[in-house]
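# Per-entry structural report
One-letter residues, chain by chain:
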Amino acid sequence: MTAPDASPFDLTGRRILISGAAGGIGSATARLCARQGARLVLVDVVAEEETARRLGPALAGAAEIHSLDTGCRQAVTRMAEAVGPVYGLIDAAAIAPFDDWMAEEWDEALDRVIRANVKGPINLTRAFLPGMIARAEGRIVLCGSVAGWMGGIRSGPHYAFSKGGLHAFVRWLSRQGAPHNVLVNGIAPGPVETGMTAGKGYDPQLYPLKRMAKPEEIAATAVFLCGAGGGYASGAIFDINGGTHFH
Ligand SMILES: NC(=O)c1ccc[n+]([C@@H]2O[C@H](COP(=O)([O-])OP(=O)(O)OC[C@H]3O[C@@H](n4cnc5c(N)ncnc54)[C@H](O)[C@@H]3O)[C@@H](O)[C@H]2O)c1
């Protein structure tokens, strides 16, 4: 339960694992979590040196960094054993190929999307949820997308399929966690200025705010959900989409 005078964003001393930490939203989340006093474990498929380079020496020097594919269950299990207990898990690792689903070779892209966007969150939560349940506290935040609600602004069917499933998975997982004080929620961003969307033809003038989101504007919700302010949120998907979609 949240103390009435607690800062809603404070993460002092909390150990938080962020996957996709070298990416736009993951790295912004890492910076914001660090500013709120969290101790960080950073995971990405890119080399550890590359994650460290993107985060900068001050933040990277104080963090534990792991290079691994979250779609590989064995790698995630090994990492979780090495890392030990974490209070929060924020999964911002995913891919969004822009391609032709009628093309012969498209099934290979579908497999890659399922590996990163479906198996990734399943592997991470399978590895960390039991420990959180045993300690009777924890927070899990998974990244969905506006595409999971309405099929996407520019993204493909594999991506939309994976994010719609992710939203359902958040709800399923929240039911496992809530009785043990482990709160599971999702964030469904609209278009965000990151490597995922760069050069992919997103037109900010088409959106109600006439701009895309900054990664920090998604990170803020992830921090809130790991802080005291998120203490009664469970099974919710937070739409941070600048009015691009209502449901
Ligand atoms: N950018 C957007 O417009 C947008 C919109 C809605 C939702 N999202 C979601 O937000 C999250 C973060 O996206 P982003 O925009 O920061 O993308 P990004 O491409 O900038 O970052 C994604 C990161 O995930 C890492 N990654 C990919 N597959 C991985 C794997 N199998 N194992 C470990 N790491 C892996 C990449 O190396 C990269 O650093 C994703 O879940 C994405 O689907 C993004």
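So, a few notes on the structure that sits alongside this text. The shown structure was predicted, so the numbers you read here are calculated from the model rather than taken from an experiment.

Calculation notes
Residues numbered from 1 in each chain as written. Predicted model: local features only at pLDDT ≥ 70, side-chain atom pairs only at ≥ 80, totals over all residues. Heavy atoms only, no water. Buried < 20%, exposed > 50% of the residue type's maximum accessible area, 1.4 Å probe, protein only. Helix = DSSP H or I, 4+ residues; strand = E, 2+ residues; numbered from the N terminus. 1 Å grid on protein atoms, 1.4 Å probe; cavity = no way out; pocket = protein on both sides within 12 Å on 5 of 7 lines; lining within 4 Å. Points joined across faces, edges and corners; volume = space filled by probe spheres on them. Nonpolar A, V, L, I, M, F, W, Y, C, P; charged D, E, K, R; others polar. Axes fitted to C-alpha atoms, helices over the stretch in contact; angles between N-to-C directions. Parallel < 35°, antiparallel > 145°, perpendicular 65-115°, else oblique. Left-handed = near helix turned anticlockwise from the far one by under 90°. Contact = heavy atoms within 4.5 Å.

On to unusual backbone geometry. Peptide bonds are mostly trans, and most non-glycine residues show a negative phi. Non-glycine residue asparagine 181 carries a positive phi angle of around 65°. Owing to a relative accessible area of 37%, asparagine 181 belongs among the partly exposed residues under this scheme. The residue lysine 210 is not glycine, and still its phi comes out positive at about 60°. Mapped onto the elements, lysine 210 comes out in the loop between strand S6 (182-189) and helix H8 (215-226).

For the rest of this paragraph, the subject is the layout of surface pockets. Approximately 890 Å³ is the volume attributed to the largest pocket. Along its surface, the largest pocket is lined by 49 residues, and Ala92, Ala93, Ala94, Ile95 and Met196 are the ones closest to its centre. The set of elements that each furnish at least two residues to the lining of the largest pocket consists of helix H1 (24-35), helix H5 (106-135), strand S5 (138-143) and helix H7 (157-177). In terms of residues, the lining of the largest pocket owes the most to one element, H5, which gives five residues. Split into classes, the residues belonging to the lining of the largest pocket amount to 25 nonpolar, 15 polar and nine charged.

On to the packing of H1 against H8, then. One way to put it is that H1 packs onto H8 with a least axis distance of 8 Å and a crossing angle of 55°. Between H1 and H8, the angle is such that the two are oblique. Here H1 runs over H8; the crossing is right-handed. Each of Gly24, Ile25, Ala28, Thr29, Leu32 and Cys33 in H1 lies in contact with H8, whose residues at this interface are Pro215, Glu216, Ile218, Ala219, Ala220, Ala222 and Val223. Grouping the amino acids of the contact of H1 with H8 by side-chain chemistry returns ten nonpolar, two polar and one charged.

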